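An overview of the molecular structure
One-letter residues, chain by chain:
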Amino acid sequence: IFIQQRQSEGDSIILVGDFNETVHESGSGIAQLMVTCGLVDVCGQRLGRSDAPSTYKRGPRRLDFSLLSPELAPCVLKLGYD
């Protein structure tokens, strides 16, 4: 709701975090948030894969995301995980 309020006031969104779930899990809250708020996964967009790179120590899953308002994606010149 907070993100939608900010968007309704004309703000662009950058949301980065360890969400502890993938966008592919059934009932994924992060996937629902992306759709509801129209955010894009900039790393997945750049790599052409929403499951890479793996960011979970105990398995091959990506749980960390950088979600942006679509108009900001072209402004990202470089990205990476450390």
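Notes on the structure follow.

Cut-offs applied
Per chain, the residues get numbers from 1 upward, laid out in the order the sequence is written. In view of the model being predicted, local features appear only for residues whose pLDDT reaches at least 70, and side-chain atom pairs are presented and counted only at 80 or more, with totals across whole chains, interfaces and linings using the full set of residues. Side-chain measures were taken over the full set of non-hydrogen atoms in the model, leaving aside hydrogen atoms and water. The secondary structure listing takes helices from DSSP runs of H or I that are at least 4 residues long and strands from runs of E that are at least 2 residues long, numbered from the N terminus. Exposed residues in this analysis have more than 50% of their type's maximum accessible area, buried residues have under 20%, and partly exposed residues fall in between, with area computed by a 1.4 Å probe over protein chains only. Every residue pair with non-hydrogen atoms within 4.5 Å of one another is taken to be in contact. Per-residue and other accessible areas were derived by the Shrake-Rupley procedure at a 1.4 Å probe size, with only the shown protein chains allowed to occlude residues. Strands are labelled as partners when DSSP assigns at least two bridges between them. What counts as an axis is a line fitted to C-alpha atoms, over the stretch in contact for a helix, and the angles between N-to-C directions run from 0 to 180 degrees. We call Phe, Tyr and Trp rings a pair once their centres come within 6.5 Å, taking the six-membered ring for Trp, and we label the pair stacked below 30 degrees between planes, edge-to-face above 60, and tilted otherwise.

1. Observations concerning the overall build of the chain
Helix and strand counts for the chain stand at 3 helices and 3 strands. In sequence order, the secondary structure elements of the chain are arranged as α-β-α-β-α-β. By residue count, 30% of the 82 residues in the chain fall in the buried class. Within the chain, counting contacts between residues at least 6 apart in sequence, those at least 24 apart form 64% of the total. With the model as given, the accessible surface of the chain reaches about 5400 Å², and the carbon-plus-sulfur share is 53%.

2. Quick look at the environment of Phe65
Position of Phe65 among the secondary structure elements: in strand β3 (residues 64-68). The exposure class assigned to Phe65 is buried, which follows from its relative accessible area of 1%. Separated by 50 residues in sequence, Phe65 and Leu15 have C-alpha atoms that sit 7.9 Å apart.

3. Brief notes about the sheet that holds strand β2 (residues 40-41)
Pairing is antiparallel in the open sheet, where 3 strands are placed in the order β1-β3-β2. The open sheet is flanked by β1 (14-18) and β2, the only strands paired with a single partner. For β2 and β3, the ladder comprises 2 bridges, and the chain directions are antiparallel. Residue pairing for β3: Asp41 is matched across the bridge by Leu67. Where helix α2 (residues 29-37) meets the sheet, its contacts fall on β1, β2 and β3, and the angle it forms with β3 comes to roughly 10 degrees.

4. Observations regarding the environment of Asn20
Along the chain, Asn20 turns up in the loop between β1 and α2. When the C-alpha positions of Asn20 and Leu63 are compared, they lie 5.1 Å apart, and in sequence the two are 43 residues distant.

5. A look at the packing of aromatic side chains
For the coordinates displayed, the defined rule picks out 1 aromatic pair. With a centroid separation of 6.3 Å and an interplanar angle of 45 degrees, the aromatic rings of Phe19 and Phe65 are classed as tilted. With Phe19 in the loop between β1 and α2 and Phe65 in strand β3, this pair connects stretches of sequence that are 46 residues apart.

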